[in-house]
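# Per-entry structural report
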Amino acid sequence: MDNTNVQNNQNQPTDPIDQFVGQVLDEKKIPGTDDPEIRQQLINDLKTRLMSQIDRAMLSALSEKQLDELNALLDKPNLGDNDIQNFFRQSDVDGEQVAFNTMMRFREYYLGNGATATTNSSVSAA
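Residues numbered from 1 in each chain as written. Predicted model: local features only at pLDDT ≥ 70, side-chain atom pairs only at ≥ 80, totals over all residues. Heavy atoms only, no water.

### Things to note about the pattern of salt bridges
Under the definition given, this model contains 5 salt bridges. One salt bridge connects D18 with K47, and the closest N-O pair in it is separated by 3.3 Å. Taken together, the positions of D18 in helix α2 (residues 16–28) and K47 in helix α3 (residues 36–60) put the pair 29 residues apart, joining distant regions of the chain. For K47, a relative accessible area of 23% puts it in the partly exposed group. In this structure, the salt-bridge partner of R107 is E27, at a minimum N-O distance of 2.4 Å. (Salt bridge = Lys/Arg side-chain N within 4 Å of Asp/Glu carboxyl O. Helix = DSSP H or I, 4+ residues; strand = E, 2+ residues; numbered from the N terminus. Buried < 20%, exposed > 50% of the residue type's maximum accessible area, 1.4 Å probe, protein only.)

As structure tokens, this is what we get:
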């Protein structure tokens, strides 16, 4: 029995986004997702879509001036992830709130829980 617990712990994602997507996938109850390879592929695909939506939402939260500043930053050679993270930290955009709102819209859309036309159009456009 101890080996089963160890295996289950090893199969649980440690990335919060993976955990979130896994929970949404569990709630959707898609047949065939018991296969670990299929499940992981679905998680990877959904995570890619969700992360793209979060990125677009973060960009949409910036002012025109901030977008111009970000474009100038992106043109710099040797740009690193830390540079981009610092830019967003200084932008006064509440990244956690933007990510949370986007994740909730994603969940509602994916599960079809009373998703409104606004939610559908914002997710589709994202």
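### So, the nonpolar core
Residues F20, V21 and L50 are the most contacted members of the largest nonpolar core, which totals 23 residues. Contributions of two or more residues to this core are made by α2, α3, α4 (64–74), α5 (81–90) and α6 (95–111). If we skip the residues at most four places from it in the chain, L50 touches I17, F20, V21, T102, M103 and F106. (Core = buried A, V, L, I, M, F, W, Y, C linked by side-chain atoms within 4.5 Å. Contact = heavy atoms within 4.5 Å.)

### Brief notes about α3
The periodicity of an α-helix, 3.6 residues per turn, causes residues three or four positions apart to be oriented the same way. Its 25 residues give α3 an end-to-end C-alpha distance of 36 Å, which sits within 8% of 36 Å, the value for a rise of 1.5 Å per residue. Residues I43, L46, L50, Q53, I54, A57 and M58 constitute the buried set of α3. The N-terminus of α3 is capped by D35, whose side-chain oxygen sits 2.8 Å from the backbone nitrogen of E37. (Expected span 1.5 Å × (residues − 1). Polar contact = N/O pair within 3.5 Å; in protein donor to acceptor, adjacent residues only side chain to side chain.)

### Thoughts on the packing of aromatic side chains
Taken as a whole, this structure holds 2 aromatic pairs when the rule is applied. With a centroid separation of 5.5 Å and an interplanar angle of 90°, the aromatic rings of F87 and F88 are classed as edge-to-face. Aromatic pair F106 and Y110: ring centres 6.2 Å apart, planes at 0°, arrangement stacked. Of this pair, F106 and Y110 both sit in helix α6, separated by 4 residues, roughly a single helical turn. Like Y110, F106 is buried. A cation sits over an aromatic face here: K28 above Y110, 5.3 Å from the ring centre. (Phe/Tyr/Trp six-rings, centres within 6.5 Å; stacked < 30°, edge-to-face > 60°. Lys NZ or Arg CZ within 6 Å of the ring centre and 35° of its normal.)

### Some points on the environment of R49
Tracing the backbone shows R49 in helix α3. For R49, a relative accessible area of 52% gives the class exposed. Separated by 57 residues in sequence, R49 and F106 place their C-alpha atoms 9.1 Å apart.

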